[in-house]
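# Inside the fold
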Amino acid sequence: MTATVISVWLDVPLRGAFAYLHSQPLASGQRVLVSFGSRELCGVVDNSVTPDAVAPNKLKPILQVFDALPPLPEALLQQVRFAARYYLHPQGQALFTALPTSLREPREVRLPDRACYQLTAQGLGQPPAARSSAKLALWQALHEPIEREALRRVHAQASAYLKAGLASGDIAAVPWQAPALQVSGELALNAEQQLALDAVAANLECFAPFLLHGITGSGKTEVYLQLIARVLAQGRQVLVVIPEINLTPQLIDRFARRFPATRIVCLHSNLADGERLEGWCDGWLGRAGIVIGTRLAVFTPLPQLGLVIVDEEHDGSFKQQDGLRYHARDLAVWRAHAANVPVLLGSATPSLETVANAETGRYRKLVLSQRAHGSATLPQVGLLDIRRQKLAEGLAAPVVEALQQTLARRELSLVFINRRGYSPVLACSACGWTSACKHCSARMVLHLSARQLRCHHCGACERIPLQCPSCGNPDVQPLGEGTQRLEAALQRMLPEARILRIDRDSTSSKAAWDAIYQRVHAGEVDILVGTQMLAKGHDFGALSLVVVLGSDGGLYSADFRAGERLFAQLLQVSGRAGRAGVPGRVLVQTQWPEHPLYQALQQHDFDGYAAAMLQERREAGFPPAAFQVLLRADAPAYADAEDFLNTLLPQLGELPDGLNVFGPAPALMVRLAGRERAQLTFEAASRPALHNWLRAQLPLIEQLARKAVRGMRWSLDVDPLEM
Ligand SMILES: Nc1ncnc2c1ncn2[C@@H]1O[C@H](COP(=O)(O)OP(=O)(O)OP(=O)(O)O)[C@@H](O)[C@H]1O
Ligand SMILES: [Zn+2]
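Each value, and the rule that gives it
Residues numbered from 1 in each chain as written. Chains lettered and ligands numbered in written order. Predicted model: local features only at pLDDT ≥ 70, side-chain atom pairs only at ≥ 80, totals over all residues. Heavy atoms only, no water. UniProt positions renumbered as here; feature names shortened; annotations may be inferred. Helix = DSSP H or I, 4+ residues; strand = E, 2+ residues; numbered from the N terminus. Buried < 20%, exposed > 50% of the residue type's maximum accessible area, 1.4 Å probe, protein only. Contact = heavy atoms within 4.5 Å. Domains from an automatic or database assignment. Buried area = accessible area lost by both parts, 1.4 Å probe. Salt bridge = Lys/Arg side-chain N within 4 Å of Asp/Glu carboxyl O. Polar contact = N/O pair within 3.5 Å; in protein donor to acceptor, adjacent residues only side chain to side chain. Nonpolar A, V, L, I, M, F, W, Y, C, P; charged D, E, K, R; others polar. Donors = N, O, S within 2.8 Å, 3.2 Å for Na, K, Ca; no water. Tetrahedral: all angles 85-135°; square planar, octahedral: opposite > 155°, others 65-115°. Core = buried A, V, L, I, M, F, W, Y, C linked by side-chain atoms within 4.5 Å. Near = heavy atom within 4 Å. Areas by Shrake-Rupley, 256 points an atom, 1.4 Å probe, with all protein chains shown as cover. Pairing = 2+ DSSP bridges. Axes fitted to C-alpha atoms, helices over the stretch in contact; angles between N-to-C directions. Phe/Tyr/Trp six-rings, centres within 6.5 Å; stacked < 30°, edge-to-face > 60°. Expected span 1.5 Å × (residues − 1). Arc of directions from axis to C-beta.

## Brief notes about the UniProt feature "binding site: Zn(2+) 1" (unreviewed entry) in the chain
Per the UniProt record, "binding site: Zn(2+) 1" (unreviewed entry) is found at Cys428, Cys431, Cys468 and Cys471. On the basis of their most widely separated C-alpha atoms, the annotated residues across 44 residues gather in one place, lying no more than 8.6 Å apart. Within the secondary structure, Cys468 sits in the loop between β23 (461–463) and β24 (476–479). Here Cys468 falls in the buried class, since its relative accessible area comes to 2%. Beyond its immediate sequence surroundings of up to four residues, Cys468 is in contact with Cys428, Cys431, Trp433, Asn473 and Val476. For Cys471, the position within the fold is in the loop between β23 and β24. Note on Cys471: relative accessible area 41%, which makes it partly exposed.

## Topic: the domain arrangement of the chain
Parsing the chain into structural domains produces domain 1 (4–104), domain 2 (115–175), domain 3 (191–368), domain 4 (380–423 + 480–616) and domain 5 (627–718). A straight line from the C-alpha centre of domain 1 to that of domain 3 covers 30 Å. Among the residues domain 1 hides against domain 3, the three largest losses belong to Gln79, Tyr87 and Pro100. Together they make up 33% of the total. Linking domain 1 with domain 3 are zero salt bridges. Inspection of the region where domain 1 meets domain 3 yields two residue pairs in polar contact (both at pLDDT 80 or more). Elements with a contribution of two residues or more to the side of domain 1 that touches domain 3: α1 (74–86), α2 (91–98) and α3 (101–104). Considering every element that reaches the side of domain 1 that touches domain 3, the biggest residue donor is α1, with five residues. Considered class by class, the residues forming the side of domain 1 that touches domain 3 number 14 nonpolar, six polar and one charged.

## Points about the side chain of Thr294
As for its position among the elements, Thr294 is in the loop between β12 (290–293) and β13 (305–311). Filtering out sequence-adjacent residues up to four positions away, Thr294 remains in contact with Val241, Ile242, Pro243, Glu244, Leu247, Leu267, His268 and Ser269.

## Details of the coordination of the zinc ion (ligand 2)
Donor atoms from the polypeptide that coordinate the zinc ion (ligand 2) comprise Cys437 (SG), Cys440 (SG), Cys455 (SG) and Cys458 (SG), at 2.3 to 2.4 Å from the metal. In this structure, the zinc ion (ligand 2) is coordinated by four donor atoms arranged in tetrahedral fashion, with angles at the metal of 105 to 116°.

## Topic: the nonpolar core
Grouped together as the largest cluster of nonpolar side chains are 78 residues, with contacts concentrated most on Leu239 and Tyr326. Here this core gets eight residues from one element, more than from any other, and that element is helix α21 (residues 687–707). Apart from residues lying up to four places away in sequence, Tyr326 is in contact with Tyr87, Thr97, Arg295, Leu296, Val298, Phe299, Phe318, Lys319, Gln320 and Leu331. Residues Ala356, Leu414, Leu543 and Val573 belong to the second largest nonpolar core, which totals 41 residues.

## A closer look at the site of ligand 1
Taken together, 21 residues lie near ligand 1, and Ala188, Gln193, Gly217, Lys220 and Thr221 sit nearest. Between ligand 1 and Gly219 there is a distance of 3.0 Å, counted from an oxygen atom to a backbone nitrogen or oxygen. Arg576 is positioned with one of its side-chain polar atoms (N or O) 3.4 Å from an oxygen atom of ligand 1. About the coverage of ligand 1: the protein hides 84% of its 640 Å² of free accessible area. Top contributing element to the shell around ligand 1 by residue count: helix α9 (residues 220–233), with three residues. Partitioning the shell around ligand 1 into residue classes produces five nonpolar, nine polar and seven charged. Shared between two domains, the shell around ligand 1 takes at least three residues from each, and those domains are domain 3 (191–368) and domain 4 (380–423 + 480–616).

## Focus: the sheet that holds strand β22 (residues 452–454)
Across the sheet, which stays open at both edges, the three strands sit in the order β21-β22-β23 with antiparallel pairing between neighbours. Both edges of this open sheet fall to β21 (445–447) and β23, since each of them pairs with a single strand only. Strand-to-strand, the axes of this sheet are offset by a mean angle of 30°, without reference to chain direction.

## Regarding the packing of aromatic side chains
Under the criterion given, the structure shown has 11 aromatic pairs. Here Tyr86 and Tyr87 contribute two aromatic rings whose centre-to-centre distance is 4.8 Å and whose plane-to-plane angle is 70°, an arrangement assigned as edge-to-face. Across the pair, exposure class does not vary: Tyr86 and Tyr87 are buried alike. Taken together, a centroid distance of 5.7 Å and an interplanar angle of 55° make the contact between Phe682 and Trp693 tilted. Within this pair, whereas Phe682 is found in strand β31 (residues 675–684), its partner Trp693 is found in helix α21, the two being separated by 11 residues in sequence. For the residue pair Phe682 and Trp693, the accessibility class agrees, reading buried in each case. Each member of the aromatic cluster is reached from another via a ring pair, and the members are Phe82, Tyr86, Tyr87 and Trp334.

## Regarding the pairing of strand β9 (residues 208–214)
Most of β9 is tucked away: seven of the seven residues are buried. Residues of β9 alternate between two faces, with Ala208, Phe210, Leu212 and Gly214 on one and Pro209, Leu211 and His213 on the opposite face, all of them buried. Judged from the six bridges that link them, β9 and strand β14 (residues 342–347) form a sheet pairing that is parallel. Its bridge partner being in β14, Leu212 is matched across the sheet by Gly346. Here β9 runs beside strand β15 (residues 364–368); their pairing, made up of five bridges, is parallel. Within β15, the position partnered with His213 by the bridge is Val367.

## Some thoughts on unusual backbone geometry
For the bond from Pro623 to Pro624, the omega torsion is 5°, close enough to zero to count as cis. Looking at the element boundaries, Pro624 is found in the loop between α19 (606–620) and β29 (627–635). In this structure, Pro664 follows Gly663 across a cis peptide bond, with omega equal to 5°. As for its position among the elements, Pro664 is in strand β30 (residues 659–672).

## What to know about α19
If you check α19, its first and last C-alpha atoms are 21 Å apart, about what 15 residues at 1.5 Å a residue would give, namely 21 Å. Looking only at α19, the buried set comprises Phe606, Tyr609, Ala610, Met613, Leu614 and Arg617. Seen end-on, α19 carries its buried residues on one side only, within an arc spanning 140°. Those residues of α19 that are exposed and aimed more than 90 degrees away from the buried face are Glu616 and Glu619. On its buried side, α19 packs onto β9, α13 (352–359), α17 (562–574) and α18 (596–602). The N-capping residue of α19, defined by a side-chain oxygen 2.8 Å from the backbone nitrogen of Gly608, is Asp605. Phi turns positive, to about 70°, at Gly621, one or two residues after α19.

Written out as structure tokens, the structure is:
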């Protein structure tokens, strides 16, 4: 019997594919079981590559072909091929990053049969009594084949009704079929929204990248929804990628209410394996009309893809910070290109990368310059110079006054401080000791209610010391404010106010978020105190005052992106005020009121400040004017990480023209979770030149890494966001 050599990708940190034997050829994308060393692994067949050479007598057979599901689609393999090449990452690992956990494991995967339900002839002849409106609505909906989930949206009693109907023979399960599109509750668009909609809708048949630059509250989401309706009407699918924080039940609800019959798959990292697999497969098998999710959703196969949307495209959470360090926005644009469909990048504060692309005409820019809600206008921004103010518990008198007035009018206030915990550091006034983390170059944050010091970088916890660990002084004091301390101070100053704190500590569960939303919308809250979790996407109608504290730190940071991030964050959080007719006001406490960033914030001048920042980047030769790749090394001791880079550097030889390297230098945060980090920054004006040259150096880097001290690790970060 002659056997065929099959190329198989495995989830291992090696660049090549592996060769195995099978009795007959297998399709690309086929999942298989193979033995690798002493383990059995899941592999994926790829006939487009030549495997690394193996002596014929050493070839091992494929142990099992997992064929309960069809082979993974070619479009996914292509996307992974691109991602691996672009991000200089081993392709096997890139492929397994793209798969839901269940498909990475060395076992067969079966999908539960997805059925629809419909009335039988017997059921049709027996309408429920007219007084039972729930049953009548369900009975009506069951005239057409409908999925359980969609039926549940018709009425909460769906499951019980279905169970009874199946038992009595009034209802039968029928093979799954795509439901007819239903669209409900579309708003009449304003002129700018209409222009934006028309521009994209006119390009549904080709790749066309758009920037939808709409100020906060300008109705971007409404434009997305109406575009999605057009695409669904063509029987095609839509991919919507959004930041982690914005994936709220409220948003999903908004989509579900608009498209009550459509299967909407929601994908994020907190799903159980089974749920994620089912959602992923529903996209892949064409059953889902809409896939909406965080960055990992960008890998969901969608055979009928008709439109890609990236909301809040500037958001840093789109960049994966370990393994395959991909940027979901950039991969989303690539996907739209590969599928030859339009992609819409929406934001009130687009990234400078995207601004630059709009400037050169690579992306077409669509503008929403007005708030959508009838009488809503942008808030007035006041800058409070705290060099001339006495602060009480971190708050200037005009801020407390404004909070009092807002409370008296029974409107909602938001106090924004981007620091959770009680206080960012505990310090000894006698010897200068501070609560440093043993594992990171960072301070441990005081969490008073939990009676702990916590490191927000590595998660280390300690008891709060009763006296200074260094000199024994019993007077150790919290320095500065975090959300918890602010909450306590506000409660003392405004005892009658109902205050709600929102940060990662108070919202760890989805249920907590739901409860918060309900309380705010029911008017049970007067003041929200919170971190950046509050800055984005939320639409609280009664919110009329936003107070910003402690934002000066971002003005003069060593990270060249800090200003861009701060500006976006402040515009976003300011944008929460005055969204529904109540005039809004923003107060910023700062020591630098004359700083151009605050001046631009006051004028709501995104374009002007973005142009200035872009100009600075061009002069300094920073992205987006240049392209970067970081080579990071980390080890328990800094010297070992640095040694590796220092050994490598001379062996790389002379760099080609136009390519520069800086370093080795310590990372901005040198020590993290007990490891110290050094890096080389490669930079060039030409992206292909930079990537191609680095790709050619990979064998050398890998060879030297094998000789480095044990425990040294290295990685490449293409288009890094963190320095
Ligand atoms: N054409 C319209 N007519 C009336 N109201 C509208 C219209 N479009 C949107 N709205 C309303 O305006 C508010 C803001 O809209 P939406 O949430 O879509 O804005 P957005 O631009 O996505 O906001 P942000 O970026 O600030 O989160 C919502 O309450 C929405 O229902
Ligand atoms: Zn730490």
